[in-house]
Each structure stands twice: as structure tokens, then as C-alpha cells.
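The residues making up each chain are set out below.
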Amino acid sequence: MATVYTKSVEIVEVSPRDGLQNEKVPVGTDDKLGLIAKAIDAGVRRIEVTSFVNPRAVPQMADADAVCAGLPDRDDVTYIGLVMNQRGADRALATGRIDQLGAVCVATDTFAMRNQGQTSDGSVEAAKAIIETAREAGKTAQATIAASFGCPFEGEVAEGRVIEMARAVAEAGPVEIALADTIGVGNPAHVTRLIAGVKSVVGDIPIRVHFHNTRGTGLANVWAAILAGASNIDASIGGLGGCPFAPGAAGNVATEDVQYMLERAGIETGLDLAKLIETNAWLAPIMGKQLPAMVAKSGGFPAPHNQEKELA
Ligand code: ZN
């Protein structure tokens, strides 16, 4: 029997937060707002715009309030603010501009302790509390399980641990649960197994995936995730979002690369490839480097404007 693919997926744009947070070059608030506006113009309808964390720990996110104040007024766009704790959730809600809180729990104790000063179990409880806070404020929340495919400190992460965390966090009623390959060590077989396991314990809560292309497996993992039933894919324009544990590594899977692969495969993303490539070209000089994304270098296919030249 032929495999039946889903007809469409949602790409969640994470460049303004995950894409930028590990970049050394300070990016101004106006440029962040420019990036957000260009992403919306390219068709993005859900964006992780910033995180509400300690600015000493993540200086690139110090302007979270200013970014929120400058967000375009769009009823059709969902703005996500990433938060690690109650204080962050309160700050995000106080802006009045964040539609959805992004809560994060971490699959290992060592990483959870370094990232947010709590155990892995503690991070699950914190995520559940954040989801509840969002609900009380009339907003939605989603949860991400960081280091789902491997930990920079503890190495392999047991699939059963991630499945158990997903079951626990599902009790709080997030709009979706994301499996994040924070350090880019996942492979497609692992993705297939883990999504099947998580789906078996979270009922009909949608699965989102977050892949870094640190070791070149990002797009293969996206494809495996879609076949396994993931409906939402995190991606970053230009493939920004290098791994803090692998200096110089490629970043998040690139929005233009994911768009290209999926649209060519007949899966709708709602995004305009030419506008994504234009945004890459606009962003590269701001970052002072060529960005890791592939399709922006080659162009899409077919490319009518190139044919004459190539045939000549
Ligand atoms: Zn990430």
C-alpha cells in the first residue's frame, strides 16, 4: 500500500528566538522586528518572537519587552514567548502581546540544572504550572521537551524517559508537545520510534518537532517526523541557531530548506519560498556571515527565470 502523506503541515518560525539566542553579534530590536515582519510577509502565522529569561544569561534576548511592544498588530498571527518559570510567564503576559507561552522541560537532570536550575522532574512541574498560568490568563501554552534525543552532559537519553515526561506534561493540557533535538544528534529511526511512543500516551495532543542540523540529519528527521504523524515543524530562516555545545555548527533546520523539501513532496506549508530566500539575503549581512541554509544558495526548482540562461 502506498504511503499516505499529510496534505499540509505548519512551520513555526523560531529565528527571532532560537535562531538568534546563541549568536554573538548583537542584533538590534529594529532588525528583530524586521525579521518578524518579513517572516509574516512570507506566510508565517506562528512565530517564537523572544524569550523571557535572565538577560545576563542570554544577552541577545534582553530586549524582549521592546520586541513585544513593536510586534505588528495581526489577529491572524500567533506570537509565542518562551518562558522557563513563573517569573518569565508573568513578564510575557504583562506585555499584552504574547498569545502563547512556550514552556520548556529538560530530559536529563544535569542539563535541567544547568539550563534552569532544577531537576528534570522539577522542570516538568514548572512547565505544567506555566501551562496553567497561561490558561488562567486566557492564553494558550505549548510544551517542549529539550534534549529529547540526546544530552550534551549525560549522553544517551532513554526513550522511556521522554515518553514519561510527555505523558506527565500532557495532563496540563498544552496545545501541543514538542520533541526537541537541542544538540542535533537525532536520526530518522529514533524520530520514528520516539514519536510513536509519545503519541501512544498523549491522546490527540499534536506533536511538534524541533531539529537542529548540527550533524546533517535535520531534514531527514523532519521527513521521518511527518511520516510518524508530527503536524508542526520548528524552523529558522537561514538555518540560524547554532548549537551552544558545538561552536561553529549549523543551526536549526532552515525554513527555506524545509519549505522546499515539503512543497516539492506535495505537502503544503503556506510559505513563499522566494520571500524566504529574500529574507535570508537581507539577514546575512546583519549577521555578518553566510547563513547555513542550502536552498537560498541554489534557488528553488523549477526556476523559470534561470532557464534561458542555462539553456543558452
Ligand atoms: Zn533549539
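Reading the values: the criteria
- Residues numbered from 1 in each chain as written.
- Predicted model: local features only at pLDDT ≥ 70, side-chain atom pairs only at ≥ 80, totals over all residues.
- Heavy atoms only, no water.
- Helix = DSSP H or I, 4+ residues; strand = E, 2+ residues; numbered from the N terminus.
- Polar contact = N/O pair within 3.5 Å; in protein donor to acceptor, adjacent residues only side chain to side chain.
- Contact = heavy atoms within 4.5 Å.
- Buried < 20%, exposed > 50% of the residue type's maximum accessible area, 1.4 Å probe, protein only.
- Pairing = 2+ DSSP bridges.
- Right-handed = clockwise from strand over helix to strand, strands pointing away.
- Core = buried A, V, L, I, M, F, W, Y, C linked by side-chain atoms within 4.5 Å.

*Asks:* Explanation requested: the side chain of Asp 18 in the structure shown.
*Replies:* Residue placement: Asp 18 occurs in helix α1 (residues 15–21). A polar atom in the side chain of Asp 18 sits 2.9 Å from the side chain of His 210. Filtering out sequence-adjacent residues up to four positions away, Asp 18 remains in contact with Glu 48, His 210, His 212, Gly 241 and Asn 252.

*Asks:* Before we go on, may I ask you to explain the pairing of strand β3 (residues 78–83) in this structure?
*Replies:* A regular strand carries its side chains on alternate faces of the sheet. The buried count for β3 comes to five of six residues, which makes it a mostly enclosed element. Pairing analysis gives six bridges linking strand β2 (residues 46–52) to β3, with the strands arranged parallel. Directly across from Glu 48, in β3, lies its bridge partner Ile 80. Once the chain exits β2 it traverses helix α3 (residues 64–69) before rejoining the sheet at β3, and the crossover so formed is right-handed. Tracing the backbone out of β3, into helix α4 (residues 86–94) and back to the parallel element strand β4 (residues 100–106) gives a crossover that is right-handed.

*Asks:* What's the story with the environment of Arg 91 in this structure? I'm lost.
*Replies:* If you trace the backbone, Arg 91 turns up in helix α4. On the basis of relative accessible area, Arg 91 is assigned to the partly exposed category, the value being 21%. Sequence separation between Arg 91 and Val 53 is 38 residues; the distance between their C-alpha atoms is 9.4 Å. Once residues lying within four places of it in the same chain are set aside, the contact partners of Arg 91 are Phe 52, Val 53, Ala 64 and Asp 65.

*Asks:* What exactly am I supposed to notice about the nonpolar core here?
*Replies:* A general feature of soluble globular proteins is that nonpolar side chains tend to end up buried together. In terms of nonpolar packing, the biggest core is built from 88 residues, with Ile 36, Leu 101, Ile 145, Leu 179 and Ile 195 touching the most fellow members. Setting aside residues up to four positions removed in sequence, Leu 101 forms contacts with Ile 80, Gly 81, Val 83, Ala 89, Ala 92, Leu 93, Ile 130, Ala 134, Thr 140, Ala 141 and Gln 142.

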